[in-house]
Amino acid sequence: METKKHQKHAKIAFRNNDNLAPNEIAILGAKCSIITDFVEKMTEKLQNTAKIAYLDASHADDISAPKADIFTTHSSGNLTSSIAYKMNAYNERIRFSNYDLVFINGNHFKGAKQILILDSEKEASVKKRLEQLDRIQFVVKREKEAEYFDFLVAKYPSIKNLKCYHIDDLDAIATHIHNLIQETIVPVQGLVLAGGKSSRMGKDKTQLVYHNKTQSDFAVELLQNNLLQTHVSVASNQELANHEFIQDKFIGLGVFGAICSAFQQDPNKAWLVLATDLPFVNDEIIQLLLRHRNPKKIATSIKGKSKDFVEPLITIYEPKAYPVLLSYLAQGYSCPRKVLINSDVEIIEVDDDLIRNINTPEEHLEALKELSKNS
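Because the structure is a prediction, the values reported are computed rather than measured.

(A) Spatial organisation of a nonpolar patch on the surface. On the surface, a cluster of nonpolar side chains totalling about 470 Å² of accessible area is made up of Phe71, Leu79, Ile83, Tyr85 and Met87. Topologically, Phe71 is positioned in strand 3 (residues 70-73). For Phe71, a relative accessible area of 51% corresponds to the exposed category.

So this is what it looks like as structure tokens:
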């Protein structure tokens, strides 16, 4: 008789990761000082369009782990730390989850993707790490006349077909790396919020009619018309027959729980979150949000021009926002606005009237009058 295999863990979608980060490239084939200099130059050129980190190993011989972890901060934003710490792939993926690219010193750590610096003086080093060169993105030559090593061509015959640059071709190399980063930017999906209690309205706000259809249908069509695959966020015990839906897995946390539930279902998409009590939001607002999306930051959010804070219910949340949301939840906070206020967010300002929440019967009647007047 066939026995069932014991399932120890819940089946949850994994975020796409390389070895230590969502997107990593190891630099191999040169001395550590050359690799570090190369990374510094690339980071300088790419810092305005991507959030970048560099993983290297300490070259000091006399360092020992501190008895207490030490964190030294500077008002400029610089943090220096000395921590008793052992590397672990799972922990590193959390540490680097907020970065668009992590450069790795390939002399010390293996990277899922690689850039090979071809240096005639480092033939032995390349031969030692030959098995690590299984996903070379392109080649950089230190000397223009540098030749591919025979053992390298024997192992990877197609290497000569890869793009090759001289190490001083900084702009061209930076453009290539920029394009590699762009390839990892995930698509946006839509999430219409429909699981609220509508207590102030006294009736289900998703079923109110402003545009000759229910507001939930209008919001879904608004996102779908902008080419977004769209789901409706519903309560944990609710289902929909006419739309794809995501049931709340973080029960009792309101909008915060709806956003986390969407990421739990698919952590490899960005989510454009739209509330159903915003009848003045139109194609122009959605297109403005999509056009100014900044994947370098954890979110791109709309803010009323006279308002102090962003509107978390008209926001694109990037995958890197998910671990940030969970870290706030671990502290006891379940307010998405608090997360956005205290994080690196792209802000787009619009007229306040375009993003009014309609929460009461009186506001509903007033909104109907304005919309009929403008139609």
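Picking up after the structure, the text goes on.
(B) Layout of helix 1 (residues 32-46). Between its terminal C-alpha atoms helix 1 stretches 21 Å, which fits the 21 Å expected from 15 residues at 1.5 Å a residue. For helix 1, the secondary structure elements touched by its buried residues are strand 1 (24-28), strand 2 (52-55), strand 5 (101-105), strand 6 (114-118), strand 7 (136-141) and helix 5 (170-183).

(C) Fine view of the nonpolar core. Within the largest apolar cluster, 52 residues are counted, with the highest numbers of intra-cluster contacts made by Leu272, Leu274, Val281, Ile302, Ile314 and Tyr317. Residues in contact with Val281, not counting those within four places in the same chain, are Phe218, Leu222, Leu274, Ile286, Ile314, Leu354 and Ile355. Listed in part, the 24 residues of the second largest apolar core include Ile25, Leu46, Ile117 and Tyr165.

(D) Fine view of the pattern of salt bridges. Applying the stated criterion across every chain yields a total of 18 salt bridges. Here Asp37 and Lys41 are joined by a salt bridge, their closest N and O atoms 3.1 Å apart. Taken together, the residues Asp37 and Lys41, both in helix 1 and four residues apart, mark about one turn of the helix. Judged by its relative accessible area of 34%, Asp37 falls in the partly exposed class. Lys41 sits in the partly exposed class, given a relative accessible area of 34%. With a shortest N-O distance of 3.4 Å, Glu346 and Lys297 are connected by a salt bridge. Remark: Lys297 occurs in the loop between helix 8 (283-291) and strand 13 (299-304) and Glu346 occurs in strand 15 (residues 345-350); sequence separation between them is 49 residues.

(E) Local environment of the sheet that holds strand 8 (residues 164-166). Spatial strand order, 2-5-1-6-7-8: six strands in an open sheet with parallel pairing. Of all strands in the sheet, those bounded by a partner on one side alone are strand 2 and strand 8. The sheet shows a mean angle of 25 degrees between the axes of neighbouring strands, taken without regard to direction. Where strand 1 lies against strand 5, four bridges are found, and the strand directions are parallel. Bridged to Ile25 within strand 5 is Phe103. Taken strand by strand, helix 5 contacts strand 1, strand 5, strand 6, strand 7 and strand 8, and its axis lies near 170 degrees from that of strand 7.

(F) Highlighting the side chain of Ser216. Within the secondary structure, Ser216 sits in helix 6 (residues 215-224). Judged by its relative accessible area of 9%, Ser216 is buried. Setting aside its immediate chain neighbours within four residues, Ser216 contacts Val192, Thr206, Gln207 and Thr276.

(G) Expanded view of the pairing of strand 5. In terms of burial, strand 5 is largely enclosed, as five of its five residues are buried. Judged by which residues are buried, strand 5 turns out to be covered on both faces: Leu101, Phe103 and Asn105 on one side and Val102 and Ile104 on the other are all buried.

(H) Broad picture of the packing of aromatic side chains. As enumerated under the stated definition, the model contains four aromatic pairs in all. Its guanidinium or amino end placed over the ring of Tyr85, Arg95 lies 4.7 Å from that ring's centre, counting from NZ or CZ. A cation over an aromatic ring shows up here: Arg356 above the ring of Phe280, its NZ or CZ 4.2 Å from the ring centre.

(I) Quick peek at the environment of Ser125. The residue Ser125 is located in helix 3 (residues 123-128) in this model. Each C-alpha atom, one on Ser125 and one on Lys31, is 9.2 Å from the other, the two residues being 94 residues apart in sequence.

(J) Main features of the packing of helix 1 against helix 5. Direction vectors running N to C along helix 1 and helix 5 enclose 70 degrees, while the axes themselves pass 10 Å from each other. Relative to helix 5, the element helix 1 is oriented roughly perpendicular. By crossing handedness, the relation of helix 1 to helix 5 is classed as right-handed. Each of Phe38, Lys41, Met42, Lys45 and Leu46 in helix 1 lies in contact with helix 5, whose residues at this interface are Leu170, Asp171, Ile173, Ala174, Ile177 and His178. Per-class residue counts for the contact of helix 1 with helix 5 are seven nonpolar, one polar and three charged.

Rules of the game
- Residues numbered from 1 in each chain as written.
- Predicted model: local features only at pLDDT ≥ 70, side-chain atom pairs only at ≥ 80, totals over all residues.
- Heavy atoms only, no water.
- Patch = residues over 30% accessible without salt bridge, like charges linked within 9 Å, V, L, I, M, F, W, Y side chains within 5 Å.
- Areas by Shrake-Rupley, 256 points an atom, 1.4 Å probe, with all protein chains shown as cover.
- Salt bridge = Lys/Arg side-chain N within 4 Å of Asp/Glu carboxyl O.
- Helix = DSSP H or I, 4+ residues; strand = E, 2+ residues; numbered from the N terminus.
- Buried < 20%, exposed > 50% of the residue type's maximum accessible area, 1.4 Å probe, protein only.
- Expected span 1.5 Å × (residues − 1).
- Contact = heavy atoms within 4.5 Å.
- Core = buried A, V, L, I, M, F, W, Y, C linked by side-chain atoms within 4.5 Å.
- Pairing = 2+ DSSP bridges.
- Axes fitted to C-alpha atoms, helices over the stretch in contact; angles between N-to-C directions.
- Phe/Tyr/Trp six-rings, centres within 6.5 Å; stacked < 30°, edge-to-face > 60°.
- Lys NZ or Arg CZ within 6 Å of the ring centre and 35° of its normal.
- Parallel < 35°, antiparallel > 145°, perpendicular 65-115°, else oblique.
- Left-handed = near helix turned anticlockwise from the far one by under 90°.
- Nonpolar A, V, L, I, M, F, W, Y, C, P; charged D, E, K, R; others polar.

Coordinates in, geometry out; function isn't part of it.
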